[in-house]
Amino acid sequence: MAASRSFPNIIITGTPGTGKSTHAQLLVQESPITLKHINVGDLVKDQGLHEGFDEEWQSYTVDDDKLLDELEPLADRGGLILDWHTCDIFPERWIDLVIVLRCDHTLLWERLEKRNYPLKKIQENNEAEIMGVVSDEARESYQSQVVVELTSESMEDLQGNVSRMVEWIRNWLDNNAVAHANQLDRI
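Residues numbered from 1 in each chain as written. Predicted model: local features only at pLDDT ≥ 70, side-chain atom pairs only at ≥ 80, totals over all residues. Heavy atoms only, no water.

This paragraph deals with the overall build of the protein chain. Per the secondary structure count, the protein chain includes 7 helices and 7 strands. Going residue by residue from the N terminus, the α and β elements of the protein chain occur as β-α-β-α-β-β-α-β-β-α-α-α-β-α. A compact globule built from 187 residues would reach a C-alpha radius of gyration of about 16 Å, and the protein chain, at 17 Å, matches this within 12%. Within the span of the protein chain, comprising 187 residues, buried residues form 43% of the whole. Once local pairs closer than 6 in sequence are excluded, the contacts in the protein chain between residues at least 24 apart make up 74%. For the protein chain, the exposed area adds up to about 10,000 Å²; of that, 47% sits on carbon and sulfur atoms. Side-chain charges in the protein chain split into 17 positive and 34 negative, and the spacing between the mean points of these groups amounts to 4 Å. (Helix = DSSP H or I, 4+ residues; strand = E, 2+ residues; numbered from the N terminus. Rg over C-alpha atoms; globule rule 2.2 N^0.38 Å. Buried < 20%, exposed > 50% of the residue type's maximum accessible area, 1.4 Å probe, protein only. Contact = heavy atoms within 4.5 Å. Areas by Shrake-Rupley, 256 points an atom, 1.4 Å probe, with all protein chains shown as cover. Lys, Arg positive; Asp, Glu negative; His and termini not counted. Charge placed at Lys NZ, Arg CZ, Asp CG, Glu CD.)

In C-alpha cells:
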C-alpha cells in the first residue's frame, strides 16, 4: 500500500503508438525522485514471462502469474513506472496513478505503419483507440481519482503531460510525508 512506500508507482498505459515509452523515459529524467521505468513488454520477452509467441498477432502471450511474481517485490518498494498497453493485471494496491495516453486515430495509424505493424494489428489497435478500450479498462480497474487521461499527439503534449506528472509526484510526496508523520505520531 502507498502508506508503506516512500515513492509512488505509476502506470503509463495506452494503445500501442500513443507514446508510453517516450513519456516514461522523459518522466524518469524530469522526476524529483528516482524512478525505475519498466517496459513490461520487454520484461516479458527478456525474462521469459510468457507462454510462447503468437505468430498471428506478432506478440508474446503473457504468463500473468510469472509477471506479477517478478514485479511484486519492486512494486512493494515503490518508485516504478510500468509502461504497458494494458493495466488491469496490476493489483490496485500497487498503483498510485494511472496515466492513459490517447491519440487521434489517424495519427495513431501513421505511427503504427512507421513501426511496420501488420495491417490486422494496425486495424485492431486503431479500433481499440477509437472505442477507448484502454481508458475503459483503467476506469474499471482503479478508483477514478487515480486515473488520468492525457492527449499525446505532439511534443507540446509530451512536455505538458510530463510536467503534470512531475507536479503530481511532488504532491504525492507532500501528502505521503504527512501521512507517514501521522503514523509515527500514533506509535
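This part takes up the nonpolar core. If you look at the biggest cluster of nonpolar residues, it comprises 26 residues, and the most contacted ones within it are Leu 67, Leu 82, Phe 90, Val 98 and Tyr 142. Residue assignment for this core shows that the elements contributing at least two residues are α2 (40-47), α3 (64-77), β5 (80-84), β6 (97-102) and α6 (133-141). Ranked by the residues each element gives to this core, the list is headed by α3, at 4 residues. Setting aside residues no more than four positions away along its own chain, Tyr 142 makes contact with Ile 11, Cys 87, Asp 88, Phe 90, Pro 91, Glu 92, Ile 95, Val 98 and Val 147. Listed in part, the 17 residues of the second largest apolar core include Leu 26, Leu 158, Met 165 and Ile 169. (Core = buried A, V, L, I, M, F, W, Y, C linked by side-chain atoms within 4.5 Å.)

With that settled, consider the sheet that holds β6. Strand order in the open sheet made by the 5 strands is β2-β5-β1-β6-β7, with parallel pairing throughout. Lying at the two open borders of the sheet, with one neighbouring strand each, are β2 (36-39) and β7 (147-151). Across the sheet, the axes of successive neighbouring strands diverge by a mean angle of 20 degrees, strand direction being ignored. Lying on the sheet, α6 is in contact with β1 (10-14), β6 and β7; it crosses β6 at an angle near 165 degrees. (Pairing = 2+ DSSP bridges. Axes fitted to C-alpha atoms, helices over the stretch in contact; angles between N-to-C directions.)

Applying the stated criterion across every chain yields a total of 3 aromatic pairs. Ring geometry for Phe 53 against Tyr 60: centres 4.9 Å apart, planes inclined by 70 degrees, an arrangement best described as edge-to-face. Ring geometry for Trp 84 and Phe 90: centres 6.1 Å apart, planes at 55 degrees, overall tilted. Accessibility assignment for this pair places Trp 84 and Phe 90 in one class, buried. Taken together, the aromatic side chains of Trp 84, Phe 90 and Trp 94 make up a single cluster linked through ring pairs. (Phe/Tyr/Trp six-rings, centres within 6.5 Å; stacked < 30°, edge-to-face > 60°.)

Packing of α2 against α3 brings their axes to within 11 Å, and their N-to-C directions diverge by 110 degrees. In terms of their interaxial angle, α2 and α3 are classed as roughly perpendicular. Seen from α2, the contacting residues are Val 40, Leu 43, Val 44 and Gln 47; seen from α3, they are Leu 67, Glu 70 and Leu 71. For the contact of α2 with α3, the class distribution of residues is 5 nonpolar, 1 polar and 1 charged. (Parallel < 35°, antiparallel > 145°, perpendicular 65-115°, else oblique. Nonpolar A, V, L, I, M, F, W, Y, C, P; charged D, E, K, R; others polar.)

Before going further, it helps to spend a moment on the pairing of strand β3 (residues 50-54). Successive side chains on a regular strand alternate, one facing one side of the sheet and the next facing the other. Looking at chain direction, β3 and strand β4 (residues 59-62) are connected through 3 bridges and run antiparallel. Note that in β4 the partner of Phe 53 across the bridge is Tyr 60. As consecutive antiparallel partners, β3 and β4 are separated by 4 residues, and within that stretch Gln 58 has a phi angle of approximately 55 degrees, a positive value.

This brings us to the confidence of the model for the protein chain. Overall, the predicted model of the protein chain reaches an average pLDDT of 92, with 93% of residues at or above 70. pLDDT under 50 marks residues 180-187. Its contacts with residues more than four places away, or in other chains, come to 5 contacts. (pLDDT = per-residue confidence, 0-100.)

With that settled, consider α2. Along α2, the positions that sit buried rather than exposed are Val 40, Leu 43 and Val 44. Buried residues along α2 cover an arc of 100 degrees about the axis, so they all sit on one side. Among the structural elements, β2, β3, β4, α3 and β5 are those in contact with the buried residues of α2. For α2, the side-chain oxygen to backbone nitrogen distance between the N-cap and Gly 41 is 3.2 Å, and the N-cap itself is Asn 39. Backbone geometry just downstream of α2 places Gly 48 in the positive-phi region, at approximately 65 degrees. (Arc of directions from axis to C-beta. Polar contact = N/O pair within 3.5 Å; in protein donor to acceptor, adjacent residues only side chain to side chain.)

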